[in-house]
Amino acid sequence: MEGQVNGVAKFLKTNIDGGITEDDAEIISRRNAFGSNTYPLKKGKSFWGFLWEACQDLTLIILMVAAALSLGLGIKTEGIKEGWYDGGSIAFAVCLVIVVTAISDYKQSLQFRHLNEEKQNIRIEVIRNGKRISISIFDLVVGDVVPLKIGDQVPADGLLISGQSLAIDESSMTGESKIVHKDPKSPFLMSGCKVADGYGIMLVTAVGMNTEWGLLMATISEDNNEETPLQVRLNGVATMIGMVGLAVAGVVLVVLLARYFTGKTTNADGVVQFIKGQTSVKSAIDGVIKIFTVAVTIVVVAVPEGLPLAVTLTLAYSMRKMMLDKALVRRLSACETMGSATTICSDKTGTLTLNQMTVVEAYVGGKNIAGASNASSLSPTVNSLILEGIAQNTIGNVYEPENAAVEITGSPTEKAILGWGVELKMKFKEVRSKSVIVHASPFNSEKKRGGVAVHVDGSDVHVHWKGAAEIVLDLCTSWMDASGSKHDMTPHEVEKFQKQIEAMAAKSLRCVALAYKPFDLKKVPNEEQRVTWSLPEDDLILLAIVGMKDPCRPGVKDAVLLCTNAGVKVRMVTGDNLQTAKAIALECGILSENDKMDEVIIEGKVFRALNEDDKEGMVEKIKVMARSSPNDKLQLVKALKNKGHVVAVTGDGTNDAPALHEADIGLAMGLQGTEVAKESSDIIILDDNFSSVVKVVRWGRSVYANIQKFIQFQLTVNVAALIINVVAAVSSGNVPLNAVQLLWVNLIMDTLGALALATEPPTDSLMKRSPVGRSEPLITNIMWRNLLIQAFYQVAVLLTLNFDGRSLLKLENYSAAKANKIKNTFIFNTFVLCQVFNEFNARKPEEWNIFEGVTKNHLFMGIIGVTVVLQAMIIEFLGKFTSTVKLSWQLWLVSIGIAFVSWPLAFLGKFIPVPRTPLKELICKCCPQSKCCSQRKKAATGQPDEATNSTVV
């Protein structure tokens, strides 16, 4: 089959060693001939689709029907010149609400679609011009040569050129979870599958829509309708409030109809609107339609449609801003959950550190060999074996151009060791050409080592191992000195090497050991049996111990301190040994000198040996877990969750996938993370930086805080408008706020209010609070206090104006009808301006200075400005269409003054102490039935009753 792969490569004009050229013309030519590695996605919903969806809102449909009837009757009774004002105004206001809602939903849809495209834009390595380069998966073309390693996604259909222990998970294509081994006899690789084990190099033969994966992807579209837990809760709240509003509107409708038909309803000038036997049928129908419109507008203002919209806006805004902060959200619910995180289990390498490893110490044959300057003291035998192990036991690569610097690719550890080899005068291709790989056992995070068997010449086979220093040392029974002489590994020698490892680890160096073992070619299994052959790992000969430095990231100590102050405990989970882990944790601020090290640091194997109860008892104290396996990480996450923690986990490897999936929030590393890890995660950290993880926590808290701000704002408007109109309607048969005015208020509080408050950027104060509890109520006691103070003030002032406004506003000189119109316009204007000041109050529910940082939020200031300008235009220029009249500048000043009072009122209200215990719990404590409720709850869960110590039935 190998010859056939070469034949395909020849047909595609590909060099299987060096790949294709990087020439743009060559790439374009291949793309034109064989297609691009993209597939047409199903078109998202168009703007007209969102418009049609917005039109299907039941309350708006009812208002449109009422508007049509009002329009028809108005034109018939008053003529077309003035008869269309009422009905036309309602229709226009409804259309405006529909258009604004559709535009908002459409923009968020585009935002989510863009983020989905980012999720699919995977970076992969290809070999072009003889060197490895990183490209977008969309730029892959037929003929490309692609290296594959554990955790990678196969980017296109292709053929295996070469590989070792390559195993593919084809469940995404076949539906079967069986892992398929690939070799020259079975070389076919399918796009979309994951590399489960080993490594290899493939030749791309089909891309995009010419692959089965492309055809599959073209038939499915990304689901953008995921509802987060907060959205579900808010939908429930909105539905409940809507039902209350509907019930109130029904009562108001019955009362108004009864008042109307019994002759209790009068016009502004005192004329009875309905007199039995005298009022015409047309006039009666017109009166009923107006009453019906009042009831519908009560429903409009009562239903908090903006609550779910606010969540959508907040999530879309936060996701876009998080992208700028190097975090790509894969699951919307993670945005909310991150605000509740109480602990972060972080990887060390690349997250807390820079992931830029360099070998700074090397211990070979009892001597420190740090670079080329001391390499001459090594015998040719030792030097040859070390370079052979470095060059062959790796999935990295060294590109050696003639007149340019050497380019090294691979993982940071691989690059560091290959770089050390280059310092030792290693010629990568030359060393590799001297031996042939017989079998490989790729690095495994469980065993912490990887090996390779190479056929040198004749019957000589060398088995090279590389891995965690103390683990490889345990497998060695002898060691080789600088002259090439072999010595037994006596207890004294073991202690000497262990001290060397500890000394390196104390300097926060990662220690890796190189060892080998001669093996007889005759004992090597044949090609078919070699697939399951376990490389011998006993009686090894120690060649070298190298110490690699990976410095802490700048600012990581400040980020850890920020988390600690925010009530989020940072724990480090690493595969390094205890000493290295301790040194790095101290440097990062995870550990302090005052910590009892024997309590806060633990090895994975020790934690693994504990029973479940002991794990949960110890887990609170653990700050560092060293020499941990992926399963240890998973067990740590489970124990923390059992203790009630909301756990965030960072990971980059294939074996991190279970822990990432189990955690409340899985954070995969975007640079070094495998595709398997990314698929199991909720958020991808694009720069692998712990500081970016902390920014995600800030954004998570910001999402929750912004939703709470909007809830406080909207419910204040809902409560005030509902009470004002209901009380006025029931008592006098007329309402101060008509349909058009309430629709305008609805637009302010739903769309514009959500846009203003839901897009507040996160502040440092968010990281001075404790995490939000899982079951914490959406409306806190502080919010209830603020809400009730503002609603009570607005209701008291506006109802006073409604019933006694003529005298208070000095309108006795006007006719009753004119005075009533000025009074209602003043009430409407004051109510809207109160909401403007209420938006400022809602920005900082718990803080004294509500204006802090307001000028930095240009969107908020812009929306406030637009609201005020439009309000002035409605009052001054659109009176005929909104049933308002122009107000004098004196009344404008009074209106502004009344609205402004809401600010000092909110300020003074913050002196009122409120209990931190949720309102529901306070009510339960005061309720005489609370004990009964408690027993019923325990009976439902099967918990024992504390009083009788028996299970409640």
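Residues numbered from 1 in each chain as written. Predicted model: local features only at pLDDT ≥ 70, side-chain atom pairs only at ≥ 80, totals over all residues. Heavy atoms only, no water.

Participant: Mind showing me how you'd approach the overall build of the protein chain here?
Facilitator: Along its length, the protein chain carries 33 helices and 28 strands. A buried classification covers 52% of the 953 residues belonging to the protein chain. Sequence-distant contacts, at least 24 apart, represent 72% of the contacts inside the protein chain between residues at least 6 apart. Summed over its atoms, the accessible surface of the protein chain is roughly 42400 Å², and 58% of this surface lies on carbon and sulfur atoms. (Helix = DSSP H or I, 4+ residues; strand = E, 2+ residues; numbered from the N terminus. Buried < 20%, exposed > 50% of the residue type's maximum accessible area, 1.4 Å probe, protein only. Contact = heavy atoms within 4.5 Å. Areas by Shrake-Rupley, 256 points an atom, 1.4 Å probe, with all protein chains shown as cover.)

Participant: Would you explain helix α16 (residues 491-506) in this entry?
Facilitator: Working note: α-helix, 3.6 residues per turn, so residues spaced by three or four point in the same direction. Its 16 residues place the ends of α16 22 Å apart at the C-alpha level, agreeing with the 22 Å of an ideal helix rising 1.5 Å per residue. By the burial criterion, the buried members of α16 are E493, F497, Q500, I501, M504 and A505. Looking straight down α16, one finds that the buried residues subtend no more than 135 degrees of arc, so they occupy a single side. Of the exposed residues in α16, the ones pointing more than 90 degrees away from its buried face are P491, H492, K499 and A506. (Expected span 1.5 Å × (residues − 1). Arc of directions from axis to C-beta.)

Participant: Sorry, what's going on with the side chain of S629 here?
Facilitator: As for its placement among the helices and strands, S629 is situated in the loop between β23 (624-626) and α22 (630-642). Taking the relative accessible area as the measure of exposure, S629 reaches 6% and is therefore buried. In contact with S629, other than residues within four places in its own chain, are S445, E446, K448 and R608.

Participant: Help me understand the nonpolar core, please; the structure alone is not making it clear to me.
Facilitator: Generally speaking, soluble globular proteins have nonpolar side chains that are buried together. I590, I665, L667, I683, F690 and F831 are the most contacted members of the largest nonpolar core, which has 126 residues in total. In terms of residue count, helix α25 (residues 690-732) provides more of this core than any other element does, 17 residues in total. One finds W420, F428, L543 and V546 within the second-largest nonpolar core, a separate group that totals 31 residues. (Core = buried A, V, L, I, M, F, W, Y, C linked by side-chain atoms within 4.5 Å.)

Participant: Looking at this model, I keep getting lost on the packing of helix α28 (residues 816-843) against helix α29 (residues 858-877). Mind explaining?
Facilitator: In a pair of packed helices, the angle between the axes and the distance between the axes together describe the arrangement. Here α28 crosses α29 at 175 degrees, and the two axes come no closer than 11 Å. One finds that α28 runs roughly antiparallel with respect to α29. Residues T825, F828, N829, V832, V836, E839, F840 and R843 of α28 form the contact with α29, whose participating residues are F860, I864, T867, V868, Q871, I874 and I875. When the residues that make up the contact of α28 with α29 are grouped by side-chain class, the tally is nine nonpolar, four polar and two charged. (Axes fitted to C-alpha atoms, helices over the stretch in contact; angles between N-to-C directions. Parallel < 35°, antiparallel > 145°, perpendicular 65-115°, else oblique. Nonpolar A, V, L, I, M, F, W, Y, C, P; charged D, E, K, R; others polar.)

Participant: Got a minute to help me understand unusual backbone geometry in this structure?
Facilitator: At N129, a residue that is not glycine, the phi angle is positive and equals roughly 60 degrees. On the secondary structure map, N129 appears in the loop between β1 (123-128) and β2 (131-136). With a phi angle near 70 degrees, K326 is a residue other than glycine that sits in the positive phi range. Tracing the backbone through its elements, the reader meets K326 in the loop between α10 (306-324) and β8 (327-329).

Participant: Sorry if this is basic, but what is going on with the side chain of Q741 here?
Facilitator: In this fold, Q741 is placed in helix α26 (residues 739-757). Those residues in contact with Q741, other than ones at most four positions away along the chain, are P736, F828, T882, S883 and T884.

Participant: Help me out: how do you make sense of the pattern of salt bridges in this one?
Facilitator: Between side chains of opposite charge, pairing is possible as soon as their charged atoms come close. Going through the model one piece at a time under the given rule, you end up with 26 salt bridges. We note a salt bridge from R331 to D682, for which the minimum N-O separation is 3.4 Å. In this pair, R331 is assigned in the loop between β8 and α11 (333-337) and D682 in the loop between α24 (675-680) and β26 (683-685), connecting sequence segments 351 residues apart. In this structure D682 comes out as buried when scored by relative accessible area, which is 11%. Close ionic contact of R627 with E470 constitutes a salt bridge, the shortest N to O distance being 2.4 Å. Of the two residues, R627 is situated in the loop between β23 and α22 and E470 in helix α15 (residues 469-474); the sequence distance between them amounts to 157 residues. Taking the relative accessible area as the measure of exposure, R627 reaches 11% and is therefore buried. Among the charged side chains, a network of salt bridges with common partners joins D347, K633 and D656. (Salt bridge = Lys/Arg side-chain N within 4 Å of Asp/Glu carboxyl O.)

Participant: I tried to follow the pairing of strand β4 (residues 157-169) on my own but got confused; where do I start?
Facilitator: Note on strand geometry: in a regular strand, side chains alternate between the two faces of the sheet. Here 10 bridges tie β4 to strand β7 (residues 194-206), and the two strands are oriented antiparallel to one another. Within β7, the position partnered with G158 by the bridge is V204. Pairing analysis gives three bridges linking β4 to strand β5 (residues 179-181), with the strands arranged antiparallel. Bridging from a neighbouring strand, A167 pairs with H181 of β5. (Pairing = 2+ DSSP bridges.)

Participant: Any chance you could explain the sheet that holds strand β9 (residues 343-346) here in plain terms?
Facilitator: The pairing of strands in a sheet comes from backbone hydrogen bonds and takes either a parallel or an antiparallel form. The strand order β8-β26-β25-β24-β9-β21-β23-β22 describes an open sheet built from eight strands, whose pairing is mixed. Each end of this open sheet is capped by a strand with a single partner; those strands are β8 and β22 (601-603). Going across the sheet, the axis of each strand differs from the next one's by a mean of 20 degrees, ignoring polarity. Bridging between β8 and β26 involves three bridges; their strand directions are antiparallel. Each bridged residue has a counterpart across the sheet, and for A327 the counterpart in β26 is I685. α22 rests against β9, β21 (569-573), β23 and β24 (647-651) of the sheet, and its axis sits at about 165 degrees to β24.

Participant: Teacher, can you tell me more about the environment of E53 here?
Facilitator: The residue E53 is located in helix α3 (residues 47-55) in this model. Once the C-alpha coordinates of E53 and A102 are considered, the two residues, 49 residues apart in sequence, prove to be 7.8 Å apart.

Participant: I tried to follow the packing of α25 against α26 on my own but got confused; where do I start?
Facilitator: Where α25 contacts α26, the two axes come as close as 9 Å, and the packing angle between them is 170 degrees. As far as their axial angle goes, α26 and α25 are roughly antiparallel. Judged by residue contacts, N706, K709, F710, F713, Q714, V717, N718, A721 and N725 of α25 engage L742, V745, M749, D750, G753, A754 and L757 from α26. In terms of residue class, the contact of α25 with α26 is built from nine nonpolar, five polar and two charged.

Participant: When you look at the packing of aromatic side chains in this model, what are you seeing that I'm missing?
Facilitator: Any two aromatic rings considered together are summarised by their centre-to-centre distance and by the angle between their planes. The tally for this structure, following the rule as stated, stands at 12 aromatic pairs. Relative to W699, the ring of Y317 lies with its centre 6.0 Å away and its plane at 70 degrees, an arrangement referred to as edge-to-face. Of this pair, Y317 sits in helix α10 while W699 is found in helix α25, placing the two residues 382 residues apart along the sequence. For Y317, a relative accessible area of 12% puts it in the buried group. Taken together, a centroid distance of 6.0 Å and an interplanar angle of 80 degrees make the contact between Y363 and F497 edge-to-face. Remark: F497 occurs in helix α16 and Y363 occurs in strand β10 (residues 358-364); sequence separation between them is 134 residues. (Phe/Tyr/Trp six-rings, centres within 6.5 Å; stacked < 30°, edge-to-face > 60°.)

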